[in-house]
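The lines below spell out each chain.
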Amino acid sequence: MSNDSSITHFHLLAFAYTREMQLLHFCLFLGIYLAALLGNGLIITAIACDHHLHTPMYFFLLNLSLLDLGAISTTLPKSMASSLWDNRDISYEGCAGQVFFFSFLMSGELYLLTVMAYDRYIAICKPLHYRTLLNSRACAKLAAAAWGSGFLHALLHTANTFSLPLCQGNAINQFFCEIPQILKLSCSDSFLRQAAVLMVGVFVDFGCFLFILFSYVQIFRAVLRTPSEQGRHKAFSTCLPHLAVVSLFASTGMFAYLKPPSISSPSLELLMAVLYSVVPPTLNPLIYSLRNKELKDAIRNMI
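Rules of the game
- Residues numbered from 1 in each chain as written.
- Predicted model: local features only at pLDDT ≥ 70, side-chain atom pairs only at ≥ 80, totals over all residues.
- Heavy atoms only, no water.
- UniProt positions renumbered as here; feature names shortened; annotations may be inferred.
- Helix = DSSP H or I, 4+ residues; strand = E, 2+ residues; numbered from the N terminus.
- Salt bridge = Lys/Arg side-chain N within 4 Å of Asp/Glu carboxyl O.
- Buried < 20%, exposed > 50% of the residue type's maximum accessible area, 1.4 Å probe, protein only.

Caption draft 1: Inspection of the UniProt feature "transmembrane region" (unreviewed entry) in the chain at higher detail. Summarizing the sequence annotation, UniProt attributes the feature "transmembrane region" (unreviewed entry) to residues 23-45, 57-76, 96-118, 138-156, 195-217, 238-258 and 270-290 in the numbering used throughout. Annotated as residues 23-45, this span is 100% helix and 0% strand, and its ends, taken at the C-alpha atoms, are 32 Å apart. With 100% helix and 0% strand, the stretch residues 138-156 has end C-alpha atoms that lie 27 Å from each other.

Caption draft 2: Summary view of the pattern of salt bridges. All told, the structure shown has three salt bridges when counted by the stated rule. Here Asp-119 makes a salt bridge to Arg-120, at a shortest N to O gap of 3.0 Å. Note on Asp-119: relative accessible area 1%, which makes it buried. Across the salt bridge formed by Asp-297 and Arg-300, the nearest N and O atoms sit 2.8 Å from each other. One end of the pair, Asp-297, and the other, Arg-300, are both in helix 11 (residues 293-302), three residues apart, so they sit about a helical turn from each other. Take Asp-297: its relative accessible area is 24%, and that puts it in the partly exposed class. For Arg-300, a relative accessible area of 52% translates into the label exposed.

Okay, here's the thing in structure tokens:
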């Protein structure tokens, strides 16, 4: 991916300019990063080591934790290093790599969340067909499709973004290399083509979100018809937090990529980026493990 411009590096956004605030930012992000590493690492290890958890639901959860670990490791370490050493530069190749891996992992996560919603829909609404529709081969194909779709999504958007001639400087108004911020540096004649490709990807992601929403609506309808109050409480207490995290992830991500320039501001863009890139990978282990007795027992036995 060559660029017609002479840019060899970019300047990322600084969270703070005083040394004390830079160290505070470093410590805050370090705590968040370690929490994400610990939570997702425990889930991966527990599912891999406990044969009782070798079921479709936990297989998809293991893949989700892998994607979360990769996504948060793509952005936070570089931002922490920038604050610790007061150096906001990132090379052109490093920025392209960050865009590719972040797009790959976050897109793969949305596609996998779509698969997980389908898994819960079959388990609750069509339990008699569960083992037939979601056998080991079907699960492997669905997981591979999520990872493969994320890879193709990232390859397309990274290649399109970094084929642009950049003529608006090299300052990226974000703490990591984000596609909308790089598009702001492009020349106007290429911007429309790139923005059109970006919007197609966003609308595909919006379709995934609608499918997730539809699946949970069907799940809630099925749960409300069950006579057991305990069963309804268990289903709602499990599904509602999942839907809340998915909604936060999808809505903030789409807002970051589709917001009109008239309401754009550095603080708002920073907040949206943190909400869709940092919060879900950190909260997913809590959402998917604290309300799951089998997983908590497996982690407790492992420890």
